[in-house]
Amino acid sequence: MSVALELETQLGHAIPPHHGDDRHAITFHLPHWTNLMRFVEKDPTIFAALKSVYPRMLLHTDVKTLVGHILKFAKVGEGYTAFIFPTAQSAAECKEFSMFTQHGDDALTDDQIIVRIFDVHVRLYVVIFPANKMPQVLPFWQNSGTGLASRLAAECLERIELLKEVTDDTPSPKTDAESGAQVEIREAIVRLLNCAPLDAERAAKVNIDDVYLFQSGMTAIYRIHRYLLQKFGGRTAFFGWAFHSTLHIFPDFGPGWEQFGCGSEEELDQLEALLESESKNAKPIQAIWAEFPSNPLLGVADLTRLRKMADKYHCLLILDDTIGSFCNVDLLSVVDILITSLTKSFSGYADVMGASAVLNPSLSRYAELKELFTKCYTNDYCDLDAIVMAQNSIDYLARSTTLNSNTATLVSYLQTCVENPTSTVTKVYYPTTSPLSLTNFKKFQRPQTSDFTPGYGCLACVEFDTIEATEAFYDNCNLHIGPHLGAHRTIVLPYVKALYGKELEWAGKYGLRETQLRVAPGLESWEVIKESFERGLKAADATKKA
C-alpha cells in the first residue's frame, strides 16, 4: 500500500504551506525535465509561469504590483521598470553597480537610472531604469539581497492611498526601534551558540549584542564584505565551493578574490602560498571565507588549519554554517564572524527570509570587529519578517532532529544503491560518506545533550551514472523540485544543471556534474520519503537496462 500521496503542486507554484497561505512562500515547483531545460535556457515563458518565486531571484508579486503603482503615480513613461529598496544606501549601491565600467557597453549611464523617494507609511527608495536594461541591474537585486521585503510591500499596498513622492527633507515616517521579535531571534541564537559548547571553559560567551540580523544570507555576505573593504581594502580568499550568488559578490565588489573551489588538501597548500605571497603587499588578503559544509557537494574544510593560517597572516576567518546549523556544530573556537542563513532550517517553513552574523568574543579580532560593525551596521531587517521568523524558529530543535534523521537515513539508503551493480546511483555526497570530511566535521560537532543529539545536517547530494538516468529520476520521483533547503517538505534540485547548465565544462573542474541532484529532506515520515525516491530510482535504473 502506498504511503506517499501523489503531488498535486502545479508548475510554478509553491510547495504546500505548513500553515496559513502561500502568499509569502519562497519556493516554486519545477516538474518535468523539459521545464528545467526551459529554465536553463532562460525561456521567458517559464519565468512567467512562476506564481511563487525565491524573492532574491525575481520580484515577488506584491513587490511587482507596488512597482506598478509607483511608476503610474510618478507618471513614468512606457518602457521603464523599477526596484524598491528600504534604504537610501541600497538604492545608491544598486545605481552604482549598474554603472560599473566592467559592464562595458552594457553599463547604464547616470541619466538612464535614477533614484526617487516615496512615502507610504514607510519610506521607499525606488531605482527607475529602462526595462531593456534589466539584465544589467537584476544581478544586484539577486546577489545583494537588499530589496524590499514582500510583507512590507503587501502592507504598502493595503495603504497605497497614502503614497506620495518626497522631494524635500521631510523626515521618514518609520522609526528605527527594534521589534520584540528581533530581540527574540537574537536571544534564541545566543542560547543555541552557548548551549553544549565544545570548550566549556571558553574565554567569553556570545551575548545578544554580538548578534546582527540581515535581510537574507546573501545580504549578510554582501554587507560584511563591504564593511571589510571599507576598512582593509584587500582581496578575499574563499576555500571550497561557494554558493552561486556568493561567486558574484567577491569579483563584483572590491579588488578581486581567489577561490580554491575543490577544497582539497593540495588547495590548502596553495591557499597558504597565496597568503604568504600577498602578506608582502600593502593590502594583504583581508579574509578567508568558507562554508561548513559546502553547497552542493557537502565538502568539509579543515578549519583548524584555516584558523592557523588566519592567525599567521592576520586575516579574518569567516564561516557560513547554514548547512551544518547551530544545533549540530560549534565553530566558535575558530571563527571570527559566523554567518547563517536563517531562511533555511532555523525558519524551517519556507515562508520568510533572514540571516544572522555573530561576532566571536573569544578571539583576538573581536574588539576591532565590534568597532567596525558599530560604525557600519544598520538594521534593515523587516519587522514583519522577524515576527514570522521568531514564531517559526520555536520548534527549530525538534525539526532539526527530524531533518538530521531523515537525511542520514536517506544517505544510508542511497549508499546501498551505490553498492548495487544494477543501480544507476554512483555516488552520495554527505559529511559521513567522505572519511576526510567526516573527520573535519566531527572536530566541531556539538556533544549530545538530554534534549538533542547533533547530526550532520539537512542536505545531501546524489549522483547518477548518466544524464538519462538523472532525467528519468527527475520526471518520476514524486518529489518537489526547486531551490531551497531545510523546509518542511523534501525538495530536490539539479543544482549544477539549473545554475551552471551553460558552464558545465568549467563547473566540472570542481567536481560539479550535471548528473548530480541536491537533496534536502523535509519533515515527512521516512516511509514517505523512501517511497518517493524508490519511484524515481526505479525509472532511473530502467535506463540502465534499456
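The notes below deal with the structure included here. (Residues numbered from 1 in each chain as written. Predicted model: local features only at pLDDT ≥ 70, side-chain atom pairs only at ≥ 80, totals over all residues. Heavy atoms only, no water.)

## Here we look at the overall build of the chain
- Along the backbone of the chain there are 19 helices and 16 strands.
- Relative to the 2.2 N^0.38 estimate, which gives 24 Å for 546 residues, the radius of gyration of the chain is 23 Å and therefore close to what a compact globule would have.
- The C-alpha extent of the chain, read off along each of the three principal axes, is 70 × 55 × 50 Å.
- In the chain, the share of contacts with a sequence separation of at least 24, taken over all contacts with a separation of at least 6, comes to 74%. (Helix = DSSP H or I, 4+ residues; strand = E, 2+ residues; numbered from the N terminus. Rg over C-alpha atoms; globule rule 2.2 N^0.38 Å. Contact = heavy atoms within 4.5 Å.)

## Re unusual backbone geometry
- Geometrically, the link from Phe-292 to Pro-293 is a cis peptide bond, its omega value of -10° lying close to zero.
- Looking along the chain, the bond that leaves Asn-295 and enters Pro-296 is cis, with omega of 20°.
- When you line up the elements, Pro-296 lands in the loop between strand 8 (287-291) and helix 11 (303-312).
- Located in the positive-phi region is His-32, a residue other than glycine, with phi close to 75°.
- With respect to the helices and strands, His-32 occurs in the segment before helix 1 (33-40).
- If you check the backbone angles, His-314 has positive phi at about 50° while not being a glycine.
- Secondary-structure assignment places His-314 in the loop between helix 11 and strand 9 (316-320).

## What about helix 16 (residues 467-476)?
- Residues of helix 16 that are buried include every one of Ala-469, Thr-470, Ala-472, Phe-473 and Tyr-474, and no others.
- On its buried side, helix 16 packs onto helix 1, strand 13 (460-464), strand 14 (480-481), strand 16 (516-520) and helix 19 (526-545).
- Once helix 16 ends, the next one or two residues include Asn-478, with phi positive near 60°. (Buried < 20%, exposed > 50% of the residue type's maximum accessible area, 1.4 Å probe, protein only.)

## Quick word on the environment of His-13
- Relative to the helices and strands, His-13 is located in the segment before helix 1.
- Classification of His-13 by relative accessible area gives partly exposed; the value is 33%.
- Between the C-alpha atoms of His-13 and Asp-168, which are 155 residues apart in sequence, the distance is 42 Å.
- For His-13, the residues in contact, after removing those within four places along its chain, are Thr-27, Phe-28, His-29, Lys-51 and Ser-52.

## Regarding the sheet that holds strand 11 (residues 355-359)
- Strand order in the open sheet formed by seven strands is 5-11-10-9-8-6-7, and the pairing between neighbours is mixed. Each having just a single partner strand, strand 5 (211-214) and strand 7 (257-260) make up the two edges of the open sheet. Sheet twist, expressed as the mean angle between neighbouring strand axes with direction ignored, is 20°.
- Sheet topology places strand 6 (residues 236-239) next to strand 8; four bridges connect them, and they run parallel. Its bridge partner being in strand 8, Phe-238 is matched across the sheet by Trp-289.
- Across the face of the sheet, helix 11 comes into contact with strand 6, strand 8 and strand 9 while running at roughly 150° to strand 9.
- Each of strand 5, strand 9, strand 10 (337-341) and strand 11 touches helix 12 (residues 366-376); the most contacted strand, strand 11, lies at about 135° to it. (Pairing = 2+ DSSP bridges. Axes fitted to C-alpha atoms, helices over the stretch in contact; angles between N-to-C directions.)

## Remarks on a negative patch on the surface
- Together, Asp-465, Glu-468, Glu-471 and Asp-475 make up a region of like negative charge exposed at the surface.
- Relative to the helices and strands, Asp-475 is located in helix 16.
- Asp-475 gets classed as partly exposed once you look at its relative accessible area, which sits at 35%. (Patch = residues over 30% accessible without salt bridge, like charges linked within 9 Å, V, L, I, M, F, W, Y side chains within 5 Å. Areas by Shrake-Rupley, 256 points an atom, 1.4 Å probe, with all protein chains shown as cover. Salt bridge = Lys/Arg side-chain N within 4 Å of Asp/Glu carboxyl O. Lys, Arg positive; Asp, Glu negative; His and termini not counted. Charge placed at Lys NZ, Arg CZ, Asp CG, Glu CD.)

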